[in-house]
Amino acid sequence: MPNGQTHDMLTIVTGVVGVPIMWALLPSHDLLGAMAWAGSHIISGMAFSPDLDLASEPYRRWGPLRYIWLPYREFIPHRAGLSHGLVFAPLFRLAYFLFMAWISFQLGTFLISNLTPVDGWAISREFGMALRDLWYTQRSMVVYALLGFITGS
């Protein structure tokens, strides 16, 4: 198993080298799609590593936001299917992150609403509709980004 620095280097190199490969493989030689793949590949490998369940470099990169990974570290055993699986595990980490970000947002808007009126639920609904619209208007880009997220892990 490579150390953290080797893993980071491999993530970046495969992301960069993968751009022309993805460009050649994608329908209509979609350069933007290849770039979406590469960006999410690198983000996945650097920030959403399977080793977020350890006190690893990817975990430390989250800085003050690493608190969102504490339940993940507590309940997901290292090298379990949910942490180190090939396809489902990175998508699980992405869904977990989105859920924890949503909870953090709701808590933040609740606290702020004591000072000024803020409707966190309305903002969440708008964000959900924007994600749905993104799926319907840019489906291929979303798929390329999800594929990159999977391969980066």
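Look up a bit, the structure's there.
Residue numbers here run from 1 along each chain, matching the order of that chain's written sequence. Local features in a predicted model are, by the rule used here, given only for residues with pLDDT of at least 70; side-chain atom pairs are given and counted only at 80 or more, and totals for whole chains, interfaces and linings are based on all residues. Side-chain metrics rest on all non-hydrogen atoms present in the structure, leaving aside hydrogens and water.

Asker: What am I meant to see in the side chain of Asp-30 here?
Answerer: Topologically, Asp-30 is positioned in the loop between helix H1 (4–25) and helix H2 (31–47). The charged side chain of Asp-30 is buried without a salt bridge, its nearest counter-charge being Arg-139 at 13 Å. Nitrogen and oxygen atoms within 3.5 Å of one another constitute a polar contact, given that in protein one can donate a hydrogen and the other can accept it, and given that sequence-neighbouring residues count only through two side-chain atoms. A distance of 3.0 Å separates a polar side-chain atom of Asp-30 from the backbone nitrogen of Gly-33. Residue contacts follow a heavy-atom distance rule, with two residues in contact if any of their heavy atoms lie within 4.5 Å. Apart from the residues lying within four places of it in its own chain, the contact partners of Asp-30 are Trp-23, Met-141 and Tyr-144. A helix here means a DSSP run of H or I that spans at least four residues, while a strand means a run of E at least two residues long, and both kinds are numbered starting from the N terminus. Here's how the labels work: a residue is buried when its accessible area is under 20% of the maximum for its type, exposed when over 50%, partly exposed in between, all with a 1.4 Å probe on protein chains only. Working convention for charge: Lys and Arg count positive, Asp and Glu count negative, and His plus the chain ends are omitted. Think of a salt bridge as a Lys or Arg side-chain nitrogen and an Asp or Glu carboxyl oxygen that are within 4 Å of each other.

Asker: What am I meant to see in the packing of aromatic side chains here?
Answerer: For this analysis, a ring pair means two rings from Phe, Tyr or Trp (six-membered ring only for Trp) whose centres lie within 6.5 Å, classed as stacked if their planes differ by under 30 degrees, edge-to-face if by over 60, and tilted for the remaining angles. Going through the model one piece at a time under the given rule, you end up with 13 aromatic pairs. These aromatic residues form a ring-pair network of at least three members: Phe-48, Trp-62, Trp-69, Tyr-72, Phe-88, Phe-92, Tyr-96, Phe-97 and Phe-149. A ring has a charge above it when a Lys NZ or an Arg CZ is no more than 6 Å from the ring centre and no more than 35 degrees off the ring normal. The side chain of Arg-73 reaches across the aromatic face of Tyr-59, ending 4.4 Å from its centre.

Asker: Help me out: how do you make sense of the nonpolar core in this one?
Answerer: Side chains that are nonpolar tend, in soluble globular proteins, to be buried together. To form a nonpolar core, buried Ala, Val, Leu, Ile, Met, Phe, Trp, Tyr and Cys residues must be joined to one another through side-chain atoms within 4.5 Å. Phe-48, Leu-52, Tyr-59, Trp-62, Ile-68, Trp-69, Tyr-72, Ile-76, Leu-94, Tyr-96, Met-100 and Phe-149 form the largest nonpolar core, which has 12 residues in total. Per element, the largest residue contribution to this core is three residues, and it comes from helix H6 (residues 88–112). The residues contacting Leu-94, other than those within four sequence positions of it, are Leu-146 and Phe-149. Formed by eight residues, the second largest nonpolar core is a distinct cluster that contains Val-19, Met-22, Ala-34 and Ala-38.

Asker: It is not clear to me how the environment of Pro-77 should be interpreted in this structure. Could you clarify?
Answerer: In this structure, Pro-77 sits in the loop between helix H4 (70–75) and helix H5 (81–84). We classify Pro-77 as exposed; its relative accessible area is 51%. Remark: the alpha-carbon pair of Pro-77 and Leu-54, spanning 23 residues in sequence, is separated by 9.6 Å. Once residues within four sequence positions are removed from consideration, Pro-77 is found in contact with Asp-53 and Ser-83.

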